[in-house]
Amino acid sequence: MSAQNRIERHAFVVGVRPERREEYLELHSNVWPQVEQTLRDSNVTNYSIFIVGDTLFAYYEYVGEDHAADMARIAEDPVTREWWTHTDPCQVRIVEERDPGALWQPLDEVWHLS
């Protein structure tokens, strides 16, 4: 498979603070267009967030060539950083910290049907 056709799958988990669950859901009912565009411009596709109880699960596909550089680009975007000032207080780490300082912690893929 060529680099152009390579898709990386990424999944993460975090808790939503029960007292801020509705606020988090409301924010995501109308994600800011610039936040979405920054993700697209950074080679992120098929991004979804799911919820069960107070657990959030996120999944996206990365179609670029330098995941770390694109994630840094997202983190440097001022609109995305402002978005996070609204979403981060709604979240709490619920699993072992594998990505230091991150609320959303990565999950290991155990199976994939293509």
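I will try to describe carefully the structure that is included in this document. The structure displayed is predicted, hence computed values, not measured ones.

## As for the pattern of salt bridges
Next up, step 1: Evaluated as defined, the whole model comprises 8 salt bridges.
Next up, step 2: Of the charged contacts, one joins Arg6 and Glu8 as a salt bridge, the two residues approaching to 2.4 Å between their closest N and O atoms.
Next up, step 3: Using a relative accessible area of 32% as the deciding quantity, one classes Arg6 as partly exposed.
Next up, step 4: By relative accessible area, which is 22% here, Glu8 ends up partly exposed.
Next up, step 5: Residue Arg9 is joined to Glu109 by a salt bridge in which the shortest nitrogen-to-oxygen separation is 2.8 Å.

## With respect to a nonpolar patch on the surface
Next up, step 1: Together, Phe50, Phe57 and Leu107 give the surface a local cluster of nonpolar side chains, amounting to about 260 Å² of exposed area.
Next up, step 2: Residue class for Phe50 comes out partly exposed when judged on its relative accessible area of 47%.

## Here we look at the nonpolar core
Generally speaking, a soluble globular protein has its nonpolar side chains buried in company with each other.
Next up, step 1: Tyr24, Val44, Leu56, Tyr60 and Trp104 are the most contacted members of the largest nonpolar core, which has 13 residues in total.
Next up, step 2: Elements supplying a minimum of two residues to this core: strand 1 (8-16) and strand 3 (55-62).
Next up, step 3: Per-element accounting of this core gives the leading share, 4 residues, to strand 3.
Next up, step 4: When sequence neighbours within four positions are dropped, the list of residues in contact with Trp104 reads Phe12, Val13, Val14, Tyr24, Ile49, Leu56, Phe57, Ala58 and Gln91.

Thresholds applied
Residues numbered from 1 in each chain as written. Predicted model: local features only at pLDDT ≥ 70, side-chain atom pairs only at ≥ 80, totals over all residues. Heavy atoms only, no water. Salt bridge = Lys/Arg side-chain N within 4 Å of Asp/Glu carboxyl O. Buried < 20%, exposed > 50% of the residue type's maximum accessible area, 1.4 Å probe, protein only. Patch = residues over 30% accessible without salt bridge, like charges linked within 9 Å, V, L, I, M, F, W, Y side chains within 5 Å. Areas by Shrake-Rupley, 256 points an atom, 1.4 Å probe, with all protein chains shown as cover. Core = buried A, V, L, I, M, F, W, Y, C linked by side-chain atoms within 4.5 Å. Helix = DSSP H or I, 4+ residues; strand = E, 2+ residues; numbered from the N terminus. Contact = heavy atoms within 4.5 Å.

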